[in-house]
Amino acid sequence: MVSDKANKIGESPTLKVTAKAKAMKAEGIDVIDFSVGEPDFATPDNIKKAGIHAIEENFTKYTQNDGIPGLKQAIIKRLKEDQGLEYQPNEIIASSGAKSSLYHLIQALINDGDEVIIPSPYWVTYPHAVSLADGKSVIVPTKEENGFLLSPEELKAAITPATKALILNNPSNPTGAAYSRQALEALADIVLAEDIYVIADEIYEKLVYDDFRFSSFASLSEEIKKKTIVINGVSKAYSMTGWRIGYAAGPADVINGMAKIQSHSTSNPCSISQKASIEALNGPQYEVSKMVAEFQRRRNYALMRLQSIPDVSCHKPLGAFYLFPNFSSTFKKEYNNMTIRNSYGLAYFLLKEARVAIVPGDAFGLDDCIRISYATSMENLEKGLDRIIEAISKLKIAKKTKHISLNNTQTRVTTSVPVDPAISINIRDALVAEMEDMLSYANYFEWNANINGVVVQLRTNVSHLNDFWIENWYPAQLEADLEPHGIIYAVEGIPGREPRAFYNSETKTGILVNTDNYGPLRSLALGLVMDVSERLFSTYTLRGMSADIRGRGLVLIGPKGTKKSDLFYTLLLDEKFRLHANDILFIRFSGGKVIADSIERKLVMPTQASKFYPGLAPLFDNSKCENVVVRKENCQDPDCLRLDDCRLDRGSPFCYKASKKAVALLDPYWIDGPAKHVKRTELYWIFLLRFDSSSPPVVKMEKEDALRILESGESPGLRTSIGPLKNQPFYNPHLLLTTPERIQYQKNFFRELLENTDCYMINSGVATVDDIQNVIQQKTGPENGE
Ligand code: PMP
C-alpha cells in the first residue's frame, strides 16, 4: 500500500493530457495539442554548444550541491542587470528545475499546519507542494473582471496568525495575468505589515507583451527583499525545459535550509545543464526577444479567435504563453446525447470531437475556464481554433436539462453485520424497549410491506432505510385491523452498540441496530418472511438469478466469484430472455410444476451490473441509489484505473461501475420495456456454477450430486475466480434459523425441486452463453421448430 501522501495527491493534469494527446498521435490520430507548458522553440545553438563543450571537457561528475560558482555568478549577474537586485552566492541555489527549487523551498519554510496563501487560478503544483510539507493551502479566488490579479484587500482578508507565506506567480500560469510595479507595491505593504514570506515564482518573467515592464517582487525595497524568495529558471525563457535548471534567490538562512534538503533529495542539478545555463544567462539575449515577438503575434491571433466565439470571454494576458478563456456558457449543452457539465467534460468533448487537447480549468482552481497554450505553431493554432469553434457550434442547448435526482445516500455502515438469529424472548423484549425509546415522534417512520403475502412492518428512525423499504416492496393492504406477521426495528443512534442484527422467531421480531445500510435490513426481512412462509404457506426460496424464455424459467445459482452476474446479464442481452429475479425467487410446487415468483417491486441491483448490461446506467440515473461512487478516490474498478478512463474526470457526477457496494433500486419494467420482465415463470433448469479453467463447460447433474452441492455448498474441484470457496450452502444466505426442523424443510424442498427440474453444472471459467442456449434447446427444440 502506498502512503496516504501518495494517495492524496493527483498526478499533474497537464502531463496527463499531454500524454493522452501524444498517445493519440501515435495511433495516427491528427490531434492538436494546446496543453503543453513549454516553448515550442529549439534551445538556442550557443547554449547547446555550451552543453556539448561541458561533455567534451568531461564536466560530467557531481558538482557543488547548490550549484557551481559560475552558475551562481551568472544568476547574480542576471538579477542585477535585469532587476537591480544584489545577491551573494550564499543567497542563491540552483536546482533541477524551478519545480525542484519550489519544492525544496516549501519543505524548508513550512511547518505542520502553516498556512500558505495561493491566489487562484494557480499553477497546479502549488497546493500539492504545500500539502506534501503538511502545510495548509489557503486558496484565494481572484476575479476575471480584475484581470485575475490578487487585490490587497483580498490578501489582507486571507491572512491569519498561521499564515507563513504567499505564493505569487507573476506572470501567471494559467491566466497570463501580470502585476505592475504599483500593484506589487500595494501587496508589499501588507506583506511587511503582516510579516509573511513571499514566494515569488517569476519563471515567466521574460515572456511579457505589449510593452509591459516586469518588476521582481524582491526589487521593491530592501525590506521586502528580506521576505522574498524569488523562484526562476531557464526552462521558459531559453526553451530549456528538458535541461532541468531552476534557481532560487533569497535570505541566506532559507537558501541554506533548501540546500540541506536538496543535498538529500536530488543533489546537484545536472552538471552539463549547469554549464549550458551559464551560457543562457550570460550569453546574447536576442533569441529571447525573437521568441517574445512570436508569442505576442500568436497571443493576439488566438485571443481574437476566442473572443469571436459567442458567449465566450477571454481576459487578455500580458505574460506567459497561455490563454484562459471562460467557456462556462457551454456547460449543460449537449451533443450526441453527451451533456457537458464542467471543464473536464468540455476537455473530453474537445478531445473527442475537435481532436484538440486543452487542460480543464478545474485543475487550476477555476472550473469555468480552460487553458490553451499557444506554445505551438501558428498553423496549429489556426487549425486547432477552427476545430474548437466548429465543435462548439454543434453544441445544442439540452432540450430537457435532466434533473439529476440521484438520491444517492452514502451510508455510514457499508457491509453486512453480524446476526444473532435466535435471541430469547427476554432479550427481545429488552431490545424492543431500548429501540422504542429511540423512536421519537419527530423521527419515526413506519410502513407495512407485503413480501410474498407476508406482512412485515418496518419501524425505523432512518429515513433512507424507510425510502428504500417503500421502493423495494409492494405495500400491504391498508386495513385498520391488519396485523403484521412480523416487525422489524431498524434504529440508529443507540449509544455504545456495534452494528448488529437480532431475530426472535417466536415473536417474528427482527432488530437492526446502528446500521443505515439497506442490505442487512433486506436480508433480515427476507429471513423473517422465509421463517413465516415455509411453515404457513409451504413456499420456499432459492437464491439465484433467474430468467424466462417463452414461459420456462432457468436459474443461475453460484457463490461469489463464479461470474454469475457476468453470465446472467450477457444472457439477458439476447432478446429471447426476460429478466425474472436478480437475487431471490419464491418457489412453490403446484401439480408437478415448479412455480417461481419474483416478489420485489423494485430490484436491489448492484450498479456494477451496468458493466455487463450498459442499458442499465441511464436507468440508474432515475433510481434511488446507495453508495454510488461520486469521488474518484473511491473507485474500485481496476479496468478504469488501469486505462485511466474515468467518467468522473469527464464531468459525470457519479459512476455506477466503480464500487461493489453501490446499489440502485431499479424498476425492472424499465429495462428495455415492460415485456423484458416477468413476475412468474415455471422453473425448468437449474444451473449451478463453478469457475475454473479445466473442467468441462456443462455437465448434466445427477439428482443426488446436485442435492449434495445445494445442501452443503461443496462440489468436487469447485473453485472460484476469487480464491477458495467458503463452504456455505448456496441457497440460504438469508436463512436465519438453522434448527433441525428448518434444515429438514430445506432438504425436502430441494429434493422436490430437483425431481421437477433439470440440473446442470456450468463452469463459467470456460462456458459461454451459447452453452446455456444449447441446454435449453435440447428441451425446447430449435427455436424455429417451436
Ligand atoms: N512555475 C510555473 C508557474 C510553471 O508554469 C512551471 C512550469 N510549467 C514551473 C514553475 C516549473 O518550471 P521548471 O521546468 O523549471 O521546473
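Residues numbered from 1 in each chain as written. Predicted model: local features only at pLDDT ≥ 70, side-chain atom pairs only at ≥ 80, totals over all residues. Heavy atoms only, no water.

Asks: I tried to follow the overall build of the protein on my own but got confused; where do I start?
Replies: Helix and strand content of the protein: 23 helices and 35 strands. Seen through its C-alpha atoms, the protein measures out along the principal axes to roughly 100 × 65 × 55 Å. A buried classification covers 55% of the 786 residues belonging to the protein. Taking the intrachain contacts of the protein between residues at least 6 apart in sequence as the baseline, contacts between residues at least 24 apart amount to 74%. Accessible surface, the protein: about 33,900 Å² in total, of which carbon and sulfur atoms supply 50%. Averaged over its 90 positive side-chain charges, the protein has a centre that lies 3 Å from the centre of its 97 negative ones. (Helix = DSSP H or I, 4+ residues; strand = E, 2+ residues; numbered from the N terminus. Buried < 20%, exposed > 50% of the residue type's maximum accessible area, 1.4 Å probe, protein only. Contact = heavy atoms within 4.5 Å. Areas by Shrake-Rupley, 256 points an atom, 1.4 Å probe, with all protein chains shown as cover. Lys, Arg positive; Asp, Glu negative; His and termini not counted. Charge placed at Lys NZ, Arg CZ, Asp CG, Glu CD.)

Asks: Any chance you could explain the environment of Glu 279 here in plain terms?
Replies: Residue placement: Glu 279 occurs in helix H11 (residues 271-282). Sequence separation of Glu 279 and Pro 13 is 266 residues, and the distance between their C-alpha atoms is 32 Å. Residues contacting Glu 279, with those up to four places away along its chain left out, are Asn 46, Ile 47, Ala 50 and Pro 284.

Asks: Please clarify how the packing of helix H4 (residues 69-83) against H11 should be interpreted in this entry.
Replies: In a pair of packed helices, the angle between the axes and the distance between the axes together describe the arrangement. Where H4 meets H11, the closest approach of the two axes is 9 Å, and the angle between their N-to-C directions is 25 degrees. Taken together, the axis directions place H4 and H11 in an arrangement best described as roughly parallel. Handedness of the crossing formed by H4 with H11: left-handed. Seen from H4, the contacting residues are Gly 70, Leu 71, Ala 74, Ile 75, Lys 77 and Arg 78; seen from H11, they are Gln 274, Ser 277, Ile 278, Leu 281 and Asn 282. For the contact of H4 with H11, the class distribution of residues is five nonpolar, four polar and two charged. (Axes fitted to C-alpha atoms, helices over the stretch in contact; angles between N-to-C directions. Parallel < 35°, antiparallel > 145°, perpendicular 65-115°, else oblique. Left-handed = near helix turned anticlockwise from the far one by under 90°. Nonpolar A, V, L, I, M, F, W, Y, C, P; charged D, E, K, R; others polar.)

Asks: Is there a simple way to explain the pattern of salt bridges in this structure?
Replies: Pairs may arise between side chains of opposite charge once their charged atoms sit close together. On inspection of all chains with the given rule, the structure shows 41 salt bridges. The salt bridge involving Glu 81 is made with Lys 77; its shortest N-O contact spans 3.9 Å. Residue Glu 81 and its partner Lys 77 are both found in helix H4; the two are separated by four residues, about one turn of the helix. Residue Lys 77 is classed as partly exposed on the basis of its relative accessible area, which comes to 35%. (Salt bridge = Lys/Arg side-chain N within 4 Å of Asp/Glu carboxyl O.)

Asks: Teacher, can you tell me more about the side chain of Thr 228 here?
Replies: One can find Thr 228 in strand S7 (residues 228-233). A residue is classified by how much of its surface remains accessible, and Thr 228, at 0% relative accessible area, is buried. At 2.7 Å, the side chain of Thr 228 and the backbone oxygen of Ile 224 are in polar contact. Here Thr 228 is in contact with Val 198, Ala 200, Phe 217, Ala 218, Ala 249, Gly 250 and Pro 251, once residues within four sequence places are set aside. (Polar contact = N/O pair within 3.5 Å; in protein donor to acceptor, adjacent residues only side chain to side chain.)

Asks: I'm lost on the packing of helix H5 (residues 98-109) against helix H6 (residues 125-132) in this one. Help?
Replies: In contact at an axis separation of 9 Å, H5 and H6 are set at 35 degrees when each is read in the N-to-C sense. The handedness of the crossing between H5 and H6 comes out as right-handed. Where H5 approaches H6, its residues Lys 99, Leu 102, Tyr 103, Ile 106 and Gln 107 are matched on the opposing element by Thr 125, Tyr 126, Ala 129, Val 130 and Leu 132. Split into classes, the residues belonging to the contact of H5 with H6 amount to seven nonpolar, two polar and one charged.

Asks: Mind showing me how you'd approach the sheet that holds strand S14 (residues 370-373) here?
Replies: Hydrogen bonds between backbone atoms are what pair the strands of a sheet, whose relative direction is either parallel or antiparallel. With antiparallel pairing, three strands are arranged side by side in an open sheet as S9-S14-S13. Pairing within the sheet leaves two strands with one partner each, and these edge strands are strand S9 (322-323) and strand S13 (359-360). In terms of strand pairing, S13 meets S14 through two bridges, oriented antiparallel. If you follow Val 359 over to S14, its bridge partner there is Arg 371. (Pairing = 2+ DSSP bridges.)

Asks: Quick question: what am I supposed to make of the pairing of strand S26 (residues 552-557) here?
Replies: Within a regular strand, the side chains alternate between the two sheet faces. With five of six residues buried, S26 is to be regarded as a mostly interior element. Here strand S25 (residues 545-549) runs beside S26; their pairing, made up of five bridges, is antiparallel. Within the sheet, the bridge partner assigned to Asp 548 lies in S26 and is Gly 553. The turn linking S25 back onto S26 is made up of two residues, and Arg 550 within it adopts a positive phi angle of 45 degrees. Pairing of S26 with strand S33 (residues 680-690), which is carried by six bridges, proceeds in the parallel orientation. By the bridge assignment for S33, Ile 557 is matched with Leu 688.

Asks: Sorry if this is basic, but what is going on with the state of the cysteines here?
Replies: Here is the idea: a disulfide is a covalent bond, and it sits between the sulfur atoms of two cysteines. Applying the stated criterion to the full structure yields zero disulfides. Summary of cysteine pairing: Cys 314 is not part of a disulfide, and the nearest cysteine sulfur, belonging to Cys 369, is at 8.1 Å. (Disulfide = S-S within 2.5 Å.)

Asks: Help me understand the packing of aromatic side chains, please; the structure alone is not making it clear to me.
Replies: Considering all chains together, one arrives at 21 aromatic pairs under this definition. When the centroid spacing of 5.3 Å and the interplanar angle of 65 degrees are considered together, the rings of Phe 468 and Tyr 518 count as edge-to-face. One end of the pair, Phe 468, is in helix H16 (residues 463-472); the other, Tyr 518, is in helix H17 (residues 518-537), and 50 residues separate them in sequence. The burial state of Phe 468 is the same as that of Tyr 518; both residues are buried. (Phe/Tyr/Trp six-rings, centres within 6.5 Å; stacked < 30°, edge-to-face > 60°.)

Asks: Explanation requested: the side chain of Lys 508 in the structure shown.
Replies: By the secondary structure assignment, Lys 508 is in the loop between strand S22 (500-504) and strand S23 (509-513). At a separation of 3.2 Å, a polar atom in the side chain of Lys 508 contacts the side chain of Asp 531. With sequence-adjacent residues up to four places away left out, Lys 508 is seen in contact with His 485, Gly 486, Ile 487, Tyr 503, Leu 528, Asp 531 and Val 532.

Asks: In this structure, what is going on with a positive patch on the surface? I would like to understand it.
Replies: Positive charge collects at one region of the surface, where Lys 560, Lys 563, Lys 611 and Lys 660 lie side by side. Relative to the helices and strands, Lys 560 resides in the loop between S26 and helix H18 (564-572). (Patch = residues over 30% accessible without salt bridge, like charges linked within 9 Å, V, L, I, M, F, W, Y side chains within 5 Å.)

Asks: What should I look at first to understand the site of the ligand in this one?
Replies: Taken together, 13 residues are adjacent to the ligand, and Ala 98, Asp 201, Tyr 204, Lys 236 and Arg 244 come closest. In the environment of the ligand, a nitrogen atom lies 2.6 Å from a nitrogen or oxygen atom belonging to the side chain of Asp 201. Between the ligand and the protein, one listed contact pairs an oxygen atom with a side-chain N or O atom of Tyr 204 at 2.7 Å. When the ligand is considered free in solution it has 400 Å² of accessible area, and contact with the protein chains removes 92% of it. Class assignment for the residues of the shell around the ligand results in five nonpolar, four polar and four charged. (Near = heavy atom within 4 Å.)

Asks: What should I look at first to understand the pairing of strand S5 (residues 163-169) in this one?
Replies: Counting buried positions along S5 yields six of seven residues, so the element is predominantly enclosed. The pairing of strand S3 (residues 115-120) with S5 spans three bridges and is classified as parallel. By the bridge assignment, Val 116 is partnered in S5 with Ala 165. Traced from S5 through helix H8 (residues 181-194) to strand S6 (residues 197-201), the parallel crossover comes out right-handed. (Right-handed = clockwise from strand over helix to strand, strands pointing away.)

Asks: Which parts of the structure should I look at to understand the sheet that holds strand S15 (residues 396-397)?
Replies: Pairing is antiparallel across the open sheet formed by three strands, whose spatial order is S11-S10-S15. Looking along the sheet, the strands with just one partner apiece sit at the ends: strand S11 (338-339) and S15. Pairing geometry for strand S10 (residues 333-335) and S15, over two bridges, is antiparallel. Each bridged residue has a counterpart across the sheet, and for Glu 334 the counterpart in S15 is Lys 396.

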